[in-house]
Every structure is written in structure tokens, then in C-alpha cells.
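Fold and geometry: a report
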Amino acid sequence: MSTVFPQWEVFVRARRGLDHQHAGSVHAPDGETALRAARDLFTRRQEGVSLWVVPSTEIVASDPADVDALFGPAADKAYRFPTNYDLPPDVDHM
Amino acid sequence: MSQEHFDALIEADERIEPDDWMPDDYRNTLVRQIAQHAHSEIIGMQPEGEWITRAPSLRRKAILTAKVQDEAGHGLYLYGAAESLGTPRAELLDRLHAKTQKYSSIFNYPTPEWADVGAIGWLVDGAAIMNQVPLCRCSYGPYGRAMVRICKEESFHQRQGYQIMLSLSQGTPEQHAMAQRALDRWWWPSIMMFGPPDADSPNTGRSMAWGIKRFTNDELRQNFVDATVPQAELLGLTPPDDALVWNAERGHYDFGEPDWDEFARMVRGEGEIPDLRIGVRRAAHDDGDWVRAAAAAYADKQAARSAA
Amino acid sequence: MAADLFTHVLRQGDRALVLSHRLAQWITHAPTLEEDVALANISLDLLGQARHLFTYAGELEGEGHDEDHFAYWRDASEFRNPLLVEQPNGDFAVTIARQVFHDQAAVLYWESMSDSGDTTIAALAVRARNETAFHLQHSAGWLIRLGDGTDESRRRAQAAVDAMWPFTSELLGADDEGALRADGLIGESIESTWQVAVADILLEAGLERPTSIEQRTGGLHGAHSEHLEPLLHEMQGLARAHPGATW
């Protein structure tokens, strides 16, 4: 019987002040081992100063079939953007 | 989600992401291609890995270790991309071990001399990079992203290989001869790494239409020859092809016809090396069974302890 | 005869190089692909340490020898590594037990050397300490998993600990370096701290700490086990076939 380790998603903070970004995945028996594997795999060239690992099964993802319902309605809300507001030239830097 | 939506995304040169609907053929083609690519990375560790403990200087030893380590890493990036299509890594490894999935036959050539390490870096990695750079724009998102990472990391692989060849070609007469022998061994296999001629490559058209492939085999092959011949000249080494000549009219080098029968034999996995390579892989996996079982058992115990 | 700083530096360089070689032998044979990467990484760190140490040994010796001289052009009897690191890899448990004993000693050694009166070694110690701290996390993490994993892994881990234990006393310092210590060039003895730290790891792993096993020594003085010679043969063969060549 061959053992299969669970998959972990890896997030790397490239440097202080930046968000953690998804980098890829590793397989590991537990979080501690996953962190070490992620360190060896994704930060060999100084790519990071902090790591997160999350069990892949814990990710809750939006359904691509819902893309229009979820993200379509944002399309016609021009009033959320500063460019929507014409102002006199003297104050247009606002 | 539907064929129509998929076609529209491809048409717009948008990326397909894991949860998107995709045709079965597209999915299967990608799983097969990405898995073969991943398998090639980890099998490719073997011919070079054999030289780590024998490298002739500590500097070369460090470089080669880092390179072989990168290859393991690249295998892992690629297995990750393949897994996003729904096939677990364990299953892909099983298929490799059972020989139902292939790896690049380039790794079934022997590496009897140190210069082979140089030639692999210069020629094999050079050809691989030429194949891989367009894959960074592959229509399947996770594959493209893995390739971006891989291409960035691999840029040193070819350079270190060429540097080995440079040191050898400028070294003692024995070293120079060793470099020429390696070029003789690896020239044609590298040329054939781009796959069969376009006329005999039935899947090229479909893969290009799907945005999985961006250039044909023969286009890439010509690029490789054009780039590599001047590099060989600089080394003072001669590619083993009498037909090799600059064609000013075409603006390209003309070159001879590879031995496609040999290519076919290699792809079929003839010879003793494929068994050797798969044997090493399988033994590593089987010998590691008890280790993986131990780690899983410990993780279960820890989970039970923290739940208690 | 009391050892000089050159001999001390050589002992450390040889330790790092020989263990790096052993770990490199795992590459493509590890239990998981992630572990191939991990072992290669540790091997590479140790190789880097060896190169720095050999370069410094060459300066101390003053005969114009570079790092490759010390790696490739000395015979087994001239190597000064502790016997532990030349022991064959065995199964994964043997490699891990060997590594835990080594890594714990290396962490303490480099910590103690960061105060060395020798500024070159003190500077190297800062980097090496960080590297070995991660190595210890890796090896101790595995030993705990093997010891507290399945019945089979526990049995193998205990056998590995028992097999490697006789080679541990040599890790904790040489019997002829008192003068170096008195001069402030090397730090305090790490022996008692090592004993406590290793006992803690074994306890967490649920493994027995061997007690009455006779210790084997000699490597620090060039008296090696039968395993070093073939290792060096593999490492040095190509370089020695081309005297004077550059690579």
C-alpha cells in the first residue's frame, strides 16, 4: 500500500510590505513538513521572507459558471471610479 | 460553460483555468504533455546526478547540485500543474513507473564522460529552453505559470553547460577531445528533441489551434541550429554534420537529416537505459514506502492528539 | 602534539565535505521528490561551508593551496573528518540519525564559534549557524516522525540511532585542541549541551538513548573506517586523471 500525502497550496511574501502570493503546491504529511518543503522549493533564490501553507482541500473557490452573476454586475458602475467625475480644470487634480 | 465559451477564450488568446469547462481532448492532451514534461525533469536528474559525486572541482560540484536540484523542483512545479487538471501526482508517478507514460527519450542516452554534463547543459537544455519559452504563453494557465518559473530558473543551466564546454575546449588536448566526443554524442539527439518533422507530426496543428503549442517542430529546430552553430565555432568544436552550411539566401543554416529510425527506436524505449532509469525511480519510490507511511501515521497521531 | 588552527579548520572542512558527498548520493533515491530537493539543499549548504573552510585552510597553511587541493589531492589518511560523516547512508533512518547527531553538534559548534577570536571563522559561523539550524529542523523533524510513526519506522529508527551512536563522541570536539580554546580561537565545549539536546529529541521521538555502547574515534587524527577510501575514490577519480587541468 503506497501512502499519498495531502496537497498544500503555498503562498510566498516576497518582501516585507507585500501580500503573500500564491506560488504553487507541495505534498506533505503535515503543515510543518509542508512549510519546509515549500521553503526548499519556492525560496531557493531569495524569493521570500514569509510562507503560508494551506491544505488544498480547504480552498473554497467560486464556480466559473457563476462568473457572469458574480463579476458581471460590477461592469456598469462607472460612478465607483474617479474618472467618472468631470470637474473644472482648476480643481481637476482632486 | 461550454465549448462555445472555451472556443471564445482560445480565440481571444485568454487563458483557460483549472475549474473552467474544457473539451476532454484538450484536458487529456495537456495531462499527457505536462506529465511527460514532469517525468522528463525527474528522470533527467539521473544522467547528470551521477556526476555530482564525481565532479572534478568543488565549484562545478556546487553548480551541478543546484542544477539537478532545480530539475527536481521543476518536476514538482509541473506535477502541480498536471494535478490542477484532476490527475493526482501519485497516479502520474504510477504511470511513469508502469511505463504507460513517457519521458523525453533524450535521457536514454548514456553520459560516460564529464563533458556530457557540459553538452547536456549547452545543447539539451538549450533545445529544451527553445521548446519551453513559447510554453510560457500556453493557453492553460497553470502550465504557463509553471513554465515562467522554470524558464527563469533554467537560464543558468544552459550557461553553466556552455561554460563547462568552454573550459574543456580551451583546456588540455585530452579535455578538448573529450568535449568534441560529447558534442558528437549529443548533437543529433538534441536536434531530434524538437520531435518528428512537421509533415509527420499529426498533432501539431491541433495543439497550435488550442494555443498549447506556438511554433512547429521544424521552426524550432531551425532556430536551434541557427543559434548553436556559431556557439560551437566559438568553442573550436565541430558538429558531426557534413551537410551543415550557411545558406545566405534563406538566412539560415542548412543541415542534414537526422536518423529518424534511431529516434523511433529511442521513443519506443529500446536499449537497456530505459529499464535502468525507471528502475532507479521505482526503487526510490518503493524503498520510500515505509518512510511515507511513517510520516502519514505520525500526522494522524498528531491530529488525534490535538483533537483530544 | 597540540593541533593548530589549520588542523582545526581542516577537520571542519573535511566533516562538511564528506557529509555533503553522502547526502549527494541520495539525490534521485529519496523517499519523496520533496526530499530529493531537501537533501540536495543540505548537501549544497555543507559543500559551501567546506569550500569556505578549505579556502581559509589554504591561507593558514600558506603554501598556495586552493579549495580543490584539499578536496581532491589528499588521501584518506590525510582527511580529518569525524568517522560519523563517512558512514554509509544505509536506509533513510540511518541517514537521518547520522544527520541529527551531526546537525545538533554543528549548530552548537557554529554558535560557539561566532565569538571566536579568529574573525574569519567568526564571520563564517554566522552564516553556517543559520544553515545548520534549518538542517537540524529537518533532521530532528524526520527522526521524530520515524520514531513516532509506524512499528516498522520505530524499529528502523532505533536501529539507526544505535548504529550511529558509537560515532558521536568525536563530533563533540578533539582531545588536542585545548590550546586553541585557551587562546579564545574556539569556543567552549559543546558536549553537555549536545547530550541534553539530543536526549530531548530522542525523547520526543520515543526512542531509547543508547548508554553503554563503546565509542569509536580516530577520524580527527586520520585513522578512518573502511568507508572513506571508496568515497574519496569516487570523488577524486576524474580530477586526478587530469593533473593540472582546469574545469
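Coordinates for the structure precede this section.
What comes next concerns the included structure. (Residues numbered from 1 in each chain as written. Chains lettered and ligands numbered in written order. Predicted model: local features only at pLDDT ≥ 70, side-chain atom pairs only at ≥ 80, totals over all residues. Heavy atoms only, no water.)

**Regarding the overall build of chain C**
The following threshold applies: Each helix is a run of DSSP H or I of at least 4 residues and each strand a run of E of at least 2, with the numbering of both proceeding from the N terminus. Buried means the residue's accessible area, taken with a 1.4 Å probe over protein chains only, is under 20% of the maximum for its type, while exposed means over 50%, and partly exposed covers the values in between. By the convention used here, residues are in contact when the closest approach between their heavy atoms is within 4.5 Å. What sets the accessible areas is the Shrake-Rupley method with a 1.4 Å probe; for residues, cover comes only from the shown protein chains. When charges are counted, neither His nor the chain ends are considered; positive counts come from Lys and Arg and negative counts from Asp and Glu. Every charge is mapped to an atom, namely NZ of Lys, CZ of Arg, CG of Asp or CD of Glu.
Looking only at helices and strands, chain C has ten helices and zero strands in total. For chain C, the succession of helices and strands along the chain, N to C, is α-α-α-α-α-α-α-α-α-α. Considering only C-alpha atoms, chain C reaches an extent of 55 × 45 × 30 Å along its principal axes. Every one of the 247 residues in chain C was classed for burial, and the buried ones make up 62%. Counting only contacts in chain C whose residues sit at least 6 apart along the sequence, the fraction spanning at least 24 positions is 80%. Surface summary for chain C: the accessible area is close to 9,200 Å², and the carbon and sulfur share equals 51%. Taken together, the 17 basic and 39 acidic charged side chains of chain C have centroids lying 3 Å from each other.

**Some details on the packing of helix α3 (residues 58–83) of chain B against helix α4 (residues 89–97) of chain B**
Residues and elements named next belong to chain B. So the rule is basically this: Axes here refer to lines fitted to C-alpha atoms; in helices the fit is confined to the stretch in contact. Angles between the N-to-C directions go from 0 to 180 degrees. Note on terminology: angles under 35 degrees are roughly parallel, angles over 145 are roughly antiparallel, angles of 65 to 115 are roughly perpendicular, and the others are oblique. Two helices that cross are described as forming a left-handed crossing if the nearer one is turned anticlockwise from the farther one by less than a right angle, and a right-handed crossing if clockwise. Throughout this entry, Asp, Glu, Lys and Arg are counted as charged residues, while Ala, Val, Leu, Ile, Met, Phe, Trp, Tyr, Cys and Pro are counted as nonpolar. The remaining residues, Gly among them, count as polar.
It is the contact of α3 with α4, at a shortest axis distance of 9 Å, that shows an interaxial angle of 110°. Here α3 is positioned roughly perpendicular relative to α4, judged by the angle of their axes. Relative to α4, α3 is oriented so that their crossing is right-handed. On α4, the residues that touch L76, Y79, A82 and E83 of α3 are R89, L92, L93 and L96. In the contact of α3 with α4, the residues fall into six nonpolar, no polar and two charged.

**Details of the packing of helix α2 (residues 24–49) of chain B against helix α6 (residues 141–169) of chain B**
All names here are of chain B. Running from N to C, α2 and α6 point in directions that differ by 25°, and their axes come no closer than 12 Å. Relative to α6, the element α2 lies roughly parallel. Where α2 crosses over α6, the two elements pack in a sense that is left-handed. Contact residues: α2 offers L30, Q33, I34, H37 and E41, while α6 offers Y143, M147, I150 and E154.

**Observations regarding the pairing of strand β2 (residues 20–27) of chain A**
All names here are of chain A. Defined as follows: When DSSP locates at least two bridges between a pair of strands, those strands are taken to pair.
Of all eight residues in β2, six are buried, a share of seventy percent or more. Here seven bridges tie strand β1 (residues 7–13) to β2, and the two strands are oriented antiparallel to one another. Residue pairing for β2: V10 is matched across the bridge by G24. Turn length for the β1-β2 hairpin, with the two strands adjacent in sequence and antiparallel, is six residues, and the turn residue G17 shows positive phi of about 95°.

**Here's the deal with the nonpolar core**
To keep things clear, this is the line we draw: Residues enter a nonpolar core if they are buried and are Ala, Val, Leu, Ile, Met, Phe, Trp, Tyr or Cys, with the set joined through side-chain atoms within 4.5 Å.
Y26, W114 and Y140 of chain B are the most contacted members of the largest nonpolar core, which has 100 residues in total. For Y140 of chain B, the residues in contact, after removing those within four places along its chain, are I16, E17, P18, M22, Y26, L30, I34, A81, S84 and L85 of chain B. Residues L39, A140, I144 and L171 of chain C belong to the second largest nonpolar core, which totals 85 residues.

**Digging into α2 of chain B**
What counts is decided by this rule: Helix span is expected to be 1.5 Å times the residue number reduced by one.
Taking 1.5 Å per residue as the helical rise, α2 of chain B with its 26 residues ought to reach 38 Å, and the 37 Å between its terminal C-alpha atoms agrees with that figure. Most of α2 of chain B sits out of view: 19 of its 26 residues are buried.

**Digging into helix α6 (residues 119–147) of chain C**
Helical geometry: 3.6 residues make up each α-helical turn, so side chains three or four residues apart lie on a common side. All names here are of chain C. Our working rule: Values of bend correspond, residue by residue, to the angle between axes fitted over the seven residues ending at that residue and the seven starting there. As used in this structure description, the phrase polar contact means that two N or O atoms lie within 3.5 Å; if the pair is within protein, one of them must be able to donate a hydrogen and the other to accept it, and residues adjacent in sequence are counted only when both atoms belong to side chains.
For α6, spanning 29 residues, the distance from its first C-alpha to its last is 40 Å, which sits close to the expected 42 Å at 1.5 Å a residue. The largest bend in α6 is about 30°, located at V126. Two or three places before T120, at the start of α6, stands the capping residue D118, its side-chain oxygen 3.1 Å from that residue's backbone nitrogen.

**Things to note about the interface of chain A and chain C**
Just so we agree on the cut-off: Joining two parts hides part of their accessible area as seen by a 1.4 Å probe, and the buried area is that hidden amount summed over both. Within this document, salt bridges are pairs made up of a side-chain nitrogen of Lys or Arg and a carboxyl oxygen of Asp or Glu, the two lying within 4 Å of each other.
Counting from both sides, the interface comprises eleven residues of chain A and, opposite them, ten residues of chain C. When the two sides are added together, the surface that chain A and chain C hide from each other amounts to roughly 1,000 Å², 56% of it contributed by carbon and sulfur. Area buried by chain A at its contact with chain C is led by R36, R39 and D40 of chain A, which between them contribute 53% of it. Joining chain A to chain C, the criterion identifies two salt bridges. D30 of chain A is the salt-bridge partner of R145 of chain C, the closest N and O atoms lying 2.9 Å from each other. Across the chain A-chain C interface, the total number found is five residue pairs in polar contact (both at pLDDT 80 or more). Every element with two or more residues in the side of chain A that touches chain C is listed here: β2 and α1 (31–42) of chain A. No other element matches the six residues that α1 of chain A contributes to the side of chain A that touches chain C. Counted by class, the side of chain A that touches chain C contains three nonpolar, two polar and six charged residues.

**Looking at the interface of chain B and chain C**
Contact residues are listed per partner, giving 45 residues for chain B and 45 residues for chain C. Overall, the association of chain B and chain C removes approximately 3,900 Å² of surface from exposure, summing both partners, and the carbon and sulfur fraction of that is 68%. It is L58, W290 and Y298 of chain B that lose the most area in chain B upon contact with chain C, and together they represent 21% of the buried surface on that side. Counting every contact that joins chain B to chain C gives three salt bridges.

**Re the pairing of β1 of chain A**
All names here are of chain A. β1 sits mainly inside the fold: five of its seven residues count as buried. As judged from the six bridges shared by β1 and strand β3 (residues 50–55), these two strands associate in the antiparallel manner. When the sheet's bridge partners are listed, E9 is paired in β3 with V54.

**Points about the pattern of salt bridges**
The full count for this structure, using the stated rule, is 38 salt bridges over all chains. A salt bridge links R240 of chain C to D75 of chain C, with the shortest nitrogen-to-oxygen separation between them at 3.1 Å. Placement of the pair is R240 of chain C in helix α10 (residues 228–241) and D75 of chain C in the loop between α3 (67–72) and α4 (83–86), with a sequence separation of 165 residues. Relative accessible area serves as the criterion here: at 29%, R240 of chain C is assigned to the partly exposed category. With a shortest N-O distance of 3.0 Å, D91 of chain C and R156 of chain C are connected by a salt bridge. Residue D91 of chain C is located in the loop between α4 and α5 (92–113), and its partner R156 of chain C is located in helix α7 (residues 151–164); the two are separated by 65 residues in the primary sequence. Among the charged side chains, a network of salt bridges with common partners joins D30, E32 and R36 of chain A together with R145 of chain C.

**Considering the side chain of T32 of chain C**
Residue and element names in this part refer to chain C. Topologically, T32 is positioned in the loop between α1 (5–24) and α2 (33–61). Owing to a relative accessible area of 14%, T32 belongs among the buried residues under this scheme. Within the structure, T32 has its side chain in polar contact with the backbone nitrogen of E35 (distance 3.0 Å).

**Here's the deal with the state of the cysteines**
Residue and element names in this part refer to chain B. Defined as follows: The criterion for a disulfide is a pair of cysteine sulfur atoms lying within 2.5 Å.
On inspection of all chains with the given rule, the structure shows zero disulfides over all chains. Distance from the sulfur of C138, which forms no disulfide, to the nearest cysteine sulfur (C136) is 9.8 Å. The class of C138 is buried, set by a relative accessible area of 0%. Considering cysteine sulfurs only, C136 is the nearest to C151, which forms no disulfide, with 3.6 Å between them. On the accessibility criterion, C151 (15% relative accessible area) is buried.

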